Amino acid sequence: MTEPKVRGRFAPSPTGPLHFGSLVAAAGSYLSARSQGGGWRVRMEDLDPPREMQGAADDILRTLEAYGFEWDGEILYQSRRRDAYEAALDGLRRMDALYACGCTRKEIADSSVQGIEGPVYPGTCRAGLAEGHRARALRVRTDNAVIEFEDRVQGRQHASLEHEFGDFVVRRADGFYAYQLAVVVDDAEQGISEIVRGADLLTSTARQIHLQQLLGLPTPGYLHLPAAVNAQGEKLSKQTFAQPLARARPVVLLRQVLDFLGQDPLPDAGDFSLAGFWAAAMAAWDEQRIPRLRTRRCID
């Protein structure tokens, strides 16, 4: 059986139920891949046990099923991928791109400038641990790397990693693997050719491309959708009390997602079945209509 040339994915974290912002990301990635005759995978990014909610992973999968999503292959769980992440770290060590860091958060904050996502690590441990410090996190060297890429919605992107982020963490002080490392290893494992996700993750992309280049992994295409925000301009999340998706009448909410993504409304010829909705939405999908915005207020 011939493998599809396009393969997308949806990769939620099981920290709570899916909400409207999650549905935007899931539907955008699904429609992009399926409208091109491509495959679509689901990955559970359960890397951070302290933040996870018991039962959330199963609840997410049941919600996706209720909304008519059909994924290919088995679900990949990051919590079962320790060997793959360690192999990637070994590869970074062999090329001297990895080093141990003994700095605390307070020490970093006291000796750094603010970057895009917080303090920019100043390279304190790059030449070795300071006296009296023990290894905590593992960081990857950025070495003045400049990353450029074309996002299919957000346009040309440019990042100077050392100045905007500094050498970044790939294994945390608590021993858990960092998102940036895990997502790169898993996208390669699953053969993902395009990454469609919310623009709140746009700033992560340059660091992920840097890791792909170091590890000799392919770089997918990127399409970052507007992130759904509430009336206060806050990204929808568990912390901002986003409402969980109701499983009744899913087509109603899916139509709202199409509107959010700037798509032409589907013909109003009675209520679509789920299968009918997806068939019509795939046929009409036009990524050129997606608003060129980082955020967009969701429908109340």
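Our subject is the structure listed above.
Structure report, in brief. (Residues numbered from 1 in each chain as written. Predicted model: local features only at pLDDT ≥ 70, side-chain atom pairs only at ≥ 80, totals over all residues. Heavy atoms only, no water.)

Structural notes on the sheet that holds strand β2 (residues 39–44)
If you trace the three strands from one edge of the open sheet to the other, you get β1-β2-β3, paired in parallel fashion. Two strands close off the open sheet at either side, each with one partner strand: β1 (7–10) and β3 (76–77). With four bridges connecting them, β1 and β2 associate as parallel partners. By the bridge assignment, R7 is partnered in β2 with G39. The strands that helix α1 (residues 20–35) touches are β1 and β2; relative to β2, the one it contacts most, it runs at about 150°. Sitting on the sheet, helix α2 (residues 56–66) touches β1, β2 and β3, and the angle it makes with β2 is about 155°. (Pairing = 2+ DSSP bridges. Helix = DSSP H or I, 4+ residues; strand = E, 2+ residues; numbered from the N terminus. Contact = heavy atoms within 4.5 Å. Axes fitted to C-alpha atoms, helices over the stretch in contact; angles between N-to-C directions.)

Some thoughts on helix α3 (residues 82–94)
Here α3 is 13 residues long and its end C-alpha atoms lie 18 Å apart, about the 18 Å a rise of 1.5 Å per residue gives. Where α3 is concerned, the buried positions are Y85, E86, A88, L89, G91 and L92. Those residues of α3 that are buried are in contact with β4 (98–101), β7 (137–140), β10 (168–171), α6 (179–189) and α7 (205–215). Backbone geometry just after α3 places D96 at a positive phi near 55°. (Expected span 1.5 Å × (residues − 1). Buried < 20%, exposed > 50% of the residue type's maximum accessible area, 1.4 Å probe, protein only.)

Observations regarding unusual backbone geometry
Despite not being glycine, D143 has its phi angle at roughly 45°, a positive value. Along the chain, D143 falls in the loop between β7 and β8 (146–151).

A few points about helix α9 (residues 274–284)
Within the span of α9, buried status applies to F277, W278 and A281. On an axial view of α9, the arc spanned by its buried residues comes to 95°, and they lie on one face. Exposed residues on α9 whose side chains face more than 90 degrees from its buried face are A275 and A283. Where the residues of α9 are buried, they touch α1 and α8 (250–260). (Arc of directions from axis to C-beta.)

Details of the pairing of β1
By the alternation rule, side chains of β1 split into R7 and R9 and G8 and F10, which are all buried. Chirality of the crossover, the property in question, places the unit of β1, α1 and β2 among those that are right-handed. (Right-handed = clockwise from strand over helix to strand, strands pointing away.)

Digging into the sheet that holds β4
Taken in spatial order, the three strands line up as β4-β7-β10 in an open sheet, and their pairing is antiparallel. Pairing within the sheet leaves two strands with one partner each, and these edge strands are β4 and β10. The mean angle between the axes of side-by-side strands here comes to 45°, regardless of whether they run parallel or antiparallel. Here α3 sits on the sheet in contact with β4, β7 and β10, set at roughly 130° to β10.

What to know about the environment of A199
When you line up the elements, A199 lands in the loop between β11 (194–198) and α7. In the structure, A199 is positioned 28 residues away from A227 in sequence and 5.5 Å away in space, judged by C-alpha atoms. In this structure A199 touches Q154, H224, L225, A227 and R294, once residues within four positions along its chain are discounted.

What about the side chain of N230?
Inspection of the secondary structure puts N230 in the loop between β13 (227–229) and α8. Beyond its immediate sequence surroundings of up to four residues, N230 is in contact with L236, T240 and R297.

As for the packing of α6 against α7
Orientation of α6 relative to α7, taken along the N-to-C sense of each, is 55°, at an axis distance of 9 Å. Taken together, α6 and α7 sit at an angle that is classed as oblique. The handedness of the crossing between α6 and α7 is right-handed. Residue-level inspection shows Y179, Q180, L181, V183 and V184 of α6 in contact with α7, the latter providing R207, Q208, L211, Q212 and L215. Looking at the contact of α6 with α7, its residues break down into six nonpolar, three polar and one charged. (Parallel < 35°, antiparallel > 145°, perpendicular 65-115°, else oblique. Left-handed = near helix turned anticlockwise from the far one by under 90°. Nonpolar A, V, L, I, M, F, W, Y, C, P; charged D, E, K, R; others polar.)

Points about the pattern of salt bridges
One pass over the structure, following the stated rule, counts 22 salt bridges. Between R62 and E65 there is a salt bridge; the shortest N-O distance is 2.8 Å. Of this pair, R62 and E65 both sit in helix α2, three residues apart, which is roughly one turn of the helix. Connected via shared salt-bridge partners are R9, R43, E45 and D187. (Salt bridge = Lys/Arg side-chain N within 4 Å of Asp/Glu carboxyl O.)

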